Amino acid sequence: MGRLSHSHPLPALGRVTRKGILLFFAFAGLIYFLKVHLQQKISSESLSIRLPAQATGGEAGFPPNVTPWGAPIVWGDSPESQIRRQKFTNRAVTTGLAVFVVGTYAQYLHKFIISAEKYFLPEHFVTYYILTDNLRGIPAITLGSGREIKPFYIAERPDWVHLSKTRMSLLSSVIKELIQDEVDYIFCMDVDQVFVNPVGSEILGSLVATLHPEYYNQPLDMYPYERTVDSKAYVDGSEGDYYYTSEIYGGSCPEVYKLVLTCSQFIIQDMEISFHAFLFEESYLNRYLIQNRPTRLLSPEYNWLAAQKTSEEIQVKRILSLQR
């Protein structure tokens, strides 16, 4: 193929070519600017849920409701949640709710169960798995039909730091030995929480995580991931989607078992080098969920702060955290 020669330009084409070149570069510059701006906007919305009072682009009246990988972000009154609840109507689904009640945390158990009886999966079969160092401290509560309490004695030191190192391991053992044969779904919660509005079958999914109420609207570089390279909870600066709370997570028994087993192994390996992650088991939970993205994300409605009474973004509070 011959080269294009500038020695003999075609008649009357010179001015058109120069003008065309100028127009081309101007148009290309505009396209580049719009492309970069759009990419930055998409990236920002993907990594951080910005929650205006009335969001656009999602279901009417609701903030962003889907992750970049297609998992629903659950808002209890959204159309997606209503459809999800209808799907489970008249289905004999069984769900476990596991809590640790050690030391002074026994003071929260009565209110936790009473509120769960009123709001947690009403009209569903629910088993409360109470892992405690004091069986006598379990209150006598009249439960609804198809709901029961199963206590388990655990000989644990009554301090939170020690429990944070052993809880995942204890959960994996109980799920493997008992829970997986009794229920379809299992949710793990901190006992110092209280249900204040309905929490229905919209939460049920294969692997369910909850957006942290203090970081749901923060940029990625503000998330308190573990940054110690030697830790099994280590998260590189280029990783991460959202930041999840350890106060409530769950899903199907096989998926939750894999989660708590893997996290317990991470914790043991870190303990072998005399290290424990900055935010304890929550750090290991976030490490796992980066590699194994959840199939449903509960919005901060499901883990709000009791001390923070009002919010323009979170209009409905369903579960309140009493201690944080």
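Structure's up top.
The structure contained in this document is the topic of the report that follows. (Residues numbered from 1 in each chain as written. Predicted model: local features only at pLDDT ≥ 70, side-chain atom pairs only at ≥ 80, totals over all residues. Heavy atoms only, no water.)

**Examining the environment of Val316**
Topologically, Val316 is positioned in the loop between β10 (304-305) and β11 (319-321). When its relative accessible area of 23% is taken as the criterion, Val316 is described as partly exposed. Considered as a pair, Val316 and Gly76 are 240 residues apart in the sequence and their alpha carbons are 8.4 Å apart. Dropping the residues within four chain positions of it, Val316 is found in contact with Asp77, Asn197 and Glu301. (Helix = DSSP H or I, 4+ residues; strand = E, 2+ residues; numbered from the N terminus. Buried < 20%, exposed > 50% of the residue type's maximum accessible area, 1.4 Å probe, protein only. Contact = heavy atoms within 4.5 Å.)

**Concerning the sheet that holds strand β6 (residues 193-195)**
If you walk across this open sheet you meet the 3 strands as β6-β11-β10, and the pairing is mixed. Bordering the open sheet on either side are β6 and β10, each of which pairs with just one other strand. Where β6 lies against β11, 3 bridges are found, and the strand directions are antiparallel. Bridge pairing in β11 places Val194 opposite Leu320. (Pairing = 2+ DSSP bridges.)

**Describing the side chain of Arg287**
Along the chain, the position of Arg287 falls in helix α6 (residues 281-291). Setting aside anything within four residues of it in sequence, one finds Arg287 in contact with Lys232, Ala233, Tyr234, Val235, Glu239 and Phe266.

**Considering the sheet that holds strand β3 (residues 125-132)**
Consider a sheet: its strands pair through backbone hydrogen bonds, and that pairing is either parallel or antiparallel. In spatial order, the strands read β1-β9-β7-β8-β5-β2-β3-β4; together these 8 strands make up an open sheet with mixed pairing. Each edge of the open sheet is held by one strand with a lone partner, namely β1 (73-74) and β4 (147-153). As defined by bridge partners, β3 adjoins β4 across 7 bridges and the pair is classed as parallel. Paired with Ile130 across the two strands is Pro151, which belongs to β4.

**Things to note about empty space enclosed by the protein**
In the structure shown here, the tally under the stated rule is 2 cavities of 30 Å³ or more. In terms of lining, the largest cavity is formed by Ala98, Phe100, Arg167, Leu171, Cys188, Met189, Asp190, Ser246, Glu247, Tyr249 and Glu281. Listed by contribution, the elements that provide at least two residues to the lining of the largest cavity are β2 (94-101), α4 (160-177) and β5 (185-189). Grouping the amino acids of the lining of the largest cavity by side-chain chemistry returns 6 nonpolar, 1 polar and 4 charged. In this model, the second largest cavity occupies a volume close to 40 Å³. For the second largest cavity, the full set of lining residues is Val101, Ala106, Leu109, Ile130, Thr132, Asn134, Gly137 and Ile138. Of the residues belonging to the lining of the second largest cavity, the class tally is 5 nonpolar, 3 polar and no charged. (1 Å grid on protein atoms, 1.4 Å probe; cavity = no way out; pocket = protein on both sides within 12 Å on 5 of 7 lines; lining within 4 Å. Points joined across faces, edges and corners; volume = space filled by probe spheres on them. Nonpolar A, V, L, I, M, F, W, Y, C, P; charged D, E, K, R; others polar.)

**Considering the side chain of Gln193**
Examined against the element boundaries, Gln193 turns out to sit in strand β6. Of note is the side chain of Gln193, whose polar atom sits 2.9 Å from the backbone oxygen of Glu247. Among the polar contacts listed, one links the side chain of Gln193 to the side chain of Asn303, at a separation of 3.0 Å. The residues touching Gln193, leaving out its near neighbours within four places in the chain, are Phe112, Glu247, Asn303, Ile319, Leu320, Ser321 and Leu322. (Polar contact = N/O pair within 3.5 Å; in protein donor to acceptor, adjacent residues only side chain to side chain.)

**Details of the pattern of salt bridges**
Applying the stated criterion across every chain yields a total of 11 salt bridges. Notably, a salt bridge pairs Glu281 with Arg167, separated by 2.4 Å at the nearest N-O pair. Of this pair, Glu281 sits in helix α6 while Arg167 is found in helix α4, placing the two residues 114 residues apart along the sequence. Residue class for Arg167 comes out buried when judged on its relative accessible area of 8%. Between Glu301 and Arg318 there is a salt bridge, with its nearest N and O atoms 3.0 Å apart. Remark: Arg318 occurs in the loop between β10 and β11 and Glu301 occurs in the loop between β9 (296-298) and β10; sequence separation between them is 17 residues. Residue classification places Arg318 among the buried residues on the basis of a relative accessible area of 4%. Linked by salt bridges that have partners in common, Asp77, Glu301 and Arg318 make up one network. (Salt bridge = Lys/Arg side-chain N within 4 Å of Asp/Glu carboxyl O.)

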